[in-house]
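Residues per chain, in single letters:
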Amino acid sequence: MSTTKPKRWRISRRGFLIGAGTTGALLALGWVAGLPKLRLALSDVAEGTEKAFSRGAPQATPTQWFVVKPDNTVELYVQKIEMGQGIHTALGQIAADELDIPWENLRVIAATTGSSVDDPNGTGNSESVVSHYLPLRKAAATLRDMLRTDVATMWGVATSALVINNGVISYNDKSITFGEVVAQHQGEWQVPEGEPTLKSADQFRYIGQSQPRVDLPAKIIGEARYGHDMRLPNMLWGVVARPTQIGATIASVDAKDAASMPGVVSVIVEDQFVAVAAENKSQAAAAIGAMQITWNTPQPLVQQADIDRATTVQPGSGVVIQTEGAVDWSSEGVIRREFRTPMAVHAHLEPQAALVDVRADGVEAWVSTQVPVGLHDAIAGALGRDKAQVKVHPVYLGGGFGRRLEPTLGVEAARLSQAAGRPVYVSWNRAEEFRNGFVRPPTHHVMQGKVSADGTIEEIEHHFASGDVLLTIFPPAVGTLLGWDIGAARGAKLYYTATTGKRTIGQRVALPIATSFWRGLGLLANGFAIESLIDDMAHQVGIDPLAFRLKNLPNTRFGERMKRTLQAAADAAGWGTPLPAGRARGIACSADAGTCVAQVAEISIMENQIRVHHVYAAVDAGLVINPTGVQTQTEGGIVMGIGSTLIEQLTVVDGAFSAFNFDKYPLLRNSQSPDITVVITGGEDDPGGMGEPPMGPVAGAVANAVFALTGQRLTSLPLQLPA
Amino acid sequence: MELTINGQTYTIADLGDTRPLLNVIRDELNLTGTKIGCAIGICGSCTVHVDGVATRACQTPVNSVIGKEIRTIEGLAEADGSLHPVQQAFLELQVPQCGWCMSGQMMTAAALLAQNSAPTADDIVSAMDNNYCRCGTYHRIRQAVARAAAIQQESNA
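The structure presented is a predicted model; accordingly, all values stated were derived computationally and were not measured.

Check the secondary structure of chain A and you find 16 helices and 29 strands. Relative to the compact-globule value of 27 Å for 723 residues, chain A shows a C-alpha radius of gyration of 27 Å, a close match. Residues classed as buried in chain A amount to 61% of the 723 residues present. Considering only contacts in chain A between residues 6 or more positions apart, those separated by 24 or more positions represent 77%. Chain A carries 61 positive and 70 negative side-chain charges, and their two centres are separated by 1 Å.

Below, the structure written as structure tokens:
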């Protein structure tokens, strides 16, 4: 992957940077994009307590670069990781549109860290398009204006007299391509003053079109390189000793004759890090196997009952994160339900891998990671190297889902490479992925609601308990100060109106198991609990669940968007029309990352097993960059959500996880996966996120369909009918 | 020992063992288009063709395929680069998301179409049912395999 980019830059105007040494040869324009609001908010919190939190600090390194080359191609360097969500294509469309260049002239390039593009946010939180939409357009428009101004000077005409179309600048019968402008340019480039004028929506050429994904041609023929595919001549294979029991640490190591075994080049036995690098993987594994490693396993052994007990809402505890009016649960007619969701693994099909080459003159790493900058800093820190000497080359990810947001693996390979003096490749196997990573935290929810006879929600409360999600990446003081986990609270707040009062309470749960990000964070679990209770309330007063939602959503801009989205899903599904015997529909909705999603699930039950036949989804993601991208993210979220709704459950037995491969933890299969219809609604607002929002309504829609079919309210995931 | 992969002969070390074909393909010959997922024969990411039959490379001892025709994703397109109907259809319907499982999905689909040029919807689901896709592209896979069958029929007509 080519990563030639300007190595130095100077700031020419607030937020914009011009590559040095680009006079005449090419034009490089970089800019610093804003940080996501969530990260800024946490940064504010953290800075009140301690300075350890540095990842969210504003920084002056560009997050993106454009390079216009004399051959008329335009390179867009981005560090948002392509993991199947189509982000390279979406960002490319935004850029090509505002630049006004032919689509085929654009190259989207994954930018290496530590050279000139550093995006401290990593890729996640459904924020890539959200955070880049306007900054990217402004940068592209600025670049376009620079080229136009240059031509105006060259030809001695007014800038306003020049027309830009499809990468060509023209005046009467004269025309010149962007590449030719760059090739003919003399002297320094100037960034124009003032805000650039952006295209109006009716001028869009690529935004709103289903441009084909830029990464698919290579993926179709097996040439796309993922982290696990990386190889270097002369590289060694690393294997790291890892515990099979939860929380186990190394008590003692007798390395025996591991160092002299065939093919072994390097053996590391340091505190809690025992690893071997050898000429091939089986030699490395054999050497680890020959060592005598004694593990300290926490006693008593963790049991599932301990986790369930800990993950339980305690009345009076937790932090009130939303409150309006007053709630009183002592009165008559209150509906109270408890919901549970289990631990789950990410099950990205590409096991993690890292190839790191530590040399005297620098460090290069190819790692399956969602956070190249975080990994870059971690490697530099672990090796005691200057950050400027480390380069992390982004690679394609075979699924991310939040699993690749921490840097352990790359650091392991770096330490082995440093010891061996050769490049070292370390890959996890499936058992390591199950045992030695982190999991989606288990949750418990107590929902209470009160509804009037005419179907008006009077009071509603959501009290949830969850293992940590987002707090795991911050210093402990942040968690102590906040008292609740913003990640676990994704989708937890109540957006229905309540005439008397509503309240949401978040409760942190300390668990003996590593928990953290999983696609949507708390969204799936919270959506399940809230949308199940809403359904209950509708049925209690005998009102159609769609009508009940429409009645109780607020008359705000958001409420109107959600109502329209619900109606669109219902229309697509034929809500209210007769179904064949044995089938039923359920409806649910949720909002996340600025996107409203509603889904209708159509199910049946065969031999006591729930079968989801079709999901009809409507999505209002604001302005849609790529409709096919919105559809595929919706489809993917629905299928992953149905896996959690019907099948997935990780449990603990005697201090170890119950599964360490797909034999004991199956994923949803093709035959279990529904047909899916996706309707795109809205579009007036700026783009919302798409990677996670479709996870929100799935479990609720299916559970509500089960209720419609059987009268049974299932309250635990995975949904299981009583035998 | 010699292996025939995509019509090309590769010499590999005869270790007298039964190391998995997958390890040889990915780790010794660096043909990384074939993917690894679970290594226990469940997920289907490592599916290749052995004499035209969709086969789990992670469960196939290398010494059992000596002298057989092995085909991987790198050999699915024609030598001139023209895509196999399955590849055309997967591209046309924008099926892959992360793409990791897709070599296995496409090799499974190609083996199905070689055997059954007009598969029914049930044939497709049943043939594709042992290939996991964590990104959740299943319903597009079903559509794309049907489309690939149509493309194949058009080109044979």
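Turning our attention to the sheet that holds strand β22 (residues 457–467) of chain A. All names here are of chain A. Spatial strand order, β15-β23-β22-β21-β16: five strands in an open sheet with mixed pairing. Looking at which strands have only one partner, the edges of the open sheet turn out to be β15 (319–325) and β16 (335–341). The sheet shows a mean angle of 10 degrees between the axes of neighbouring strands, taken without regard to direction. As paired elements, β22 and strand β23 (residues 501–509) share nine bridges and run parallel to each other. Each residue of the ladder has a partner; that of His 462, found in β23, is Thr 504.

The next point concerns the packing of helix α8 (residues 372–383) of chain A against helix α9 (residues 408–420) of chain A. Residue and element names in this part refer to chain A. As a packed pair, α8 and α9 sit with axes 9 Å apart at the nearest point and diverge in direction by 35 degrees. Viewed along their axes, α8 and α9 form a crossing whose handedness is right-handed. Residues Leu 375, Ala 378, Ile 379, Ala 382 and Leu 383 of α8 touch α9, and the partners they reach there are Gly 410, Val 411, Ala 414, Arg 415 and Gln 418. Split into classes, the residues belonging to the contact of α8 with α9 amount to seven nonpolar, two polar and one charged.

Interfaces are often described in size by the accessible area the parts lose on coming together. All names here are of chain A. With domains assigned, chain A is organised as domain 1 (9–219), domain 2 (227–297 + 354–427) and domain 3 (304–344 + 439–710). A C-alpha centroid distance of 37 Å is found between domain 1 and domain 3. Taken together, the 29 residues of domain 1 in the interface contact 26 residues of domain 3. Across the domain 1 to domain 3 interface the summed buried area is about 2000 Å²; carbon plus sulfur atoms make up 68%. Put simply, domain 1 and domain 3 have zero salt bridges between them.

Right, let's talk about unusual backbone geometry for a bit. Both trends apply: most residues other than glycine have a negative phi, and most peptide bonds are in trans. Between A:Gln299 and the following residue, A:Pro300, the backbone shows a cis peptide bond with an omega angle of -10 degrees. Positive phi is not limited to glycine here, since A:Leu521 has a value of about 55 degrees. Position of A:Leu521 relative to the elements: it lies in the loop between β23 and α12 (523–540). Residue classification places A:Leu521 among the buried positions, given a relative accessible area of 11%. With a phi close to 65 degrees, B:Ala39 is a non-glycine residue in the positive phi region.

Turning next to the pattern of salt bridges. Scanning the model with the defined rule gives 51 salt bridges over all chains in all. With its nearest N and O atoms 2.5 Å apart, the salt bridge here joins B:Lys35 to A:Asp229. Taken together, the positions of B:Lys35 in the loop between α1 (21–28) and β3 (47–50) and A:Asp229 in the loop between α5 (216–220) and β10 (236–240) put the pair across two chains. One exposure class covers both B:Lys35 and A:Asp229, and it is buried. Here A:Asp535 ties to A:Arg549 by a salt bridge, and the two come within 3.5 Å at their closest N and O atoms. Here A:Asp535 is found in helix α12, whereas its partner A:Arg549 is found in helix α13 (residues 545–552), with 14 residues between them in sequence.

Residue and element names in this part refer to chain A. Under the definition given, this model contains ten cavities of 30 Å³ or more. Put simply, the second largest cavity is a space of about 80 Å³. Per-element accounting of the lining of the second largest cavity gives the leading share, three residues, to α12. Here the residues of the lining of the second largest cavity sort into six nonpolar, five polar and one charged.

Attention now moves to the interface of chain A and chain B. Taken together, the contact pairs 54 residues of chain A with 41 residues of chain B. The contact between chain A and chain B buries some 4000 Å² in all, and 54% of this surface belongs to carbon and sulfur atoms. With a shortest N-O distance of 3.0 Å, B:Arg142 and A:Asp675 are connected by a salt bridge. Inspection of the chain A/chain B interface yields 35 residue pairs in polar contact (both at pLDDT 80 or more). Elements represented by at least two residues in the side of chain A that touches chain B include exactly α5, α15 (627–646) and β29 (675–680) of chain A.

Before going further, it helps to examine the pairing of strand β8 (residues 168–171) of chain A. All names here are of chain A. Here three bridges tie strand β7 (residues 163–165) to β8, and the two strands are oriented antiparallel to one another. Considered in β8, the bridge of Val 163 is made with Ser 170. In this antiparallel pair of consecutive strands, β7 and β8, the connection spans two residues, and Asn 166 shows a positive phi of 55 degrees. One ladder, built from four bridges, connects β8 with strand β9 (residues 174–177); its direction is antiparallel. In the strand pairing of β9, Ser 170 is matched with Ser 175. Between β8 and the antiparallel strand that follows it, β9, lie two residues; Asn 172 among them carries a positive phi value of about 50 degrees.

The subject of this paragraph is the packing of aromatic side chains. A complete count under the given rule lists ten aromatic pairs over all chains for this structure. Between A:Trp237 and A:Tyr425 the ring centres are 5.0 Å apart and the planes differ by 70 degrees, which places this aromatic pair in the edge-to-face class. Linking A:Trp237 in strand β10 with A:Tyr425 in strand β20 (residues 424–427), this pair joins segments that are 188 residues apart in sequence. Per residue, the accessibility class of A:Trp237 equals that of A:Tyr425, and both read buried. Between A:Phe662 and B:Tyr132, the aromatic rings sit 5.3 Å apart at their centres with planes inclined by 80 degrees, giving edge-to-face as the arrangement. Here B:Tyr132 lies in the loop between α4 (121–128) and α5 (138–156) and A:Phe662 lies in the loop between β28 (656–657) and β29, a pairing that spans two chains. Grouping residues by exposure puts A:Phe662 and B:Tyr132 together as buried.

All names here are of chain B. The domains assigned to chain B are domain 1 (2–75) and domain 2 (85–156). Counting from both sides, the interface comprises 16 residues of domain 1 and, opposite them, 13 residues of domain 2. In terms of surface lost to domain 2, no three residues of domain 1 exceed Lys 35, His 49 and Ile 73, which account for 37% of the buried area on that side. On inspection of domain 1 and its partner domain 2, the count reaches zero salt bridges. For the interface between domain 1 and domain 2, the tally reads six residue pairs in polar contact (both at pLDDT 80 or more). Mapped by element, the contributors of at least two residues to the side of domain 1 that touches domain 2 are β3 and β4 (53–56). Residue composition of the side of domain 1 that touches domain 2, grouped by class: five nonpolar, seven polar and four charged.

Scoring rules and cut-offs
- Residues numbered from 1 in each chain as written.
- Chains lettered and ligands numbered in written order.
- Predicted model: local features only at pLDDT ≥ 70, side-chain atom pairs only at ≥ 80, totals over all residues.
- Heavy atoms only, no water.
- Helix = DSSP H or I, 4+ residues; strand = E, 2+ residues; numbered from the N terminus.
- Rg over C-alpha atoms; globule rule 2.2 N^0.38 Å.
- Buried < 20%, exposed > 50% of the residue type's maximum accessible area, 1.4 Å probe, protein only.
- Contact = heavy atoms within 4.5 Å.
- Lys, Arg positive; Asp, Glu negative; His and termini not counted.
- Charge placed at Lys NZ, Arg CZ, Asp CG, Glu CD.
- Pairing = 2+ DSSP bridges.
- Axes fitted to C-alpha atoms, helices over the stretch in contact; angles between N-to-C directions.
- Left-handed = near helix turned anticlockwise from the far one by under 90°.
- Nonpolar A, V, L, I, M, F, W, Y, C, P; charged D, E, K, R; others polar.
- Domains from an automatic or database assignment.
- Buried area = accessible area lost by both parts, 1.4 Å probe.
- Salt bridge = Lys/Arg side-chain N within 4 Å of Asp/Glu carboxyl O.
- 1 Å grid on protein atoms, 1.4 Å probe; cavity = no way out; pocket = protein on both sides within 12 Å on 5 of 7 lines; lining within 4 Å.
- Points joined across faces, edges and corners; volume = space filled by probe spheres on them.
- Polar contact = N/O pair within 3.5 Å; in protein donor to acceptor, adjacent residues only side chain to side chain.
- Phe/Tyr/Trp six-rings, centres within 6.5 Å; stacked < 30°, edge-to-face > 60°.

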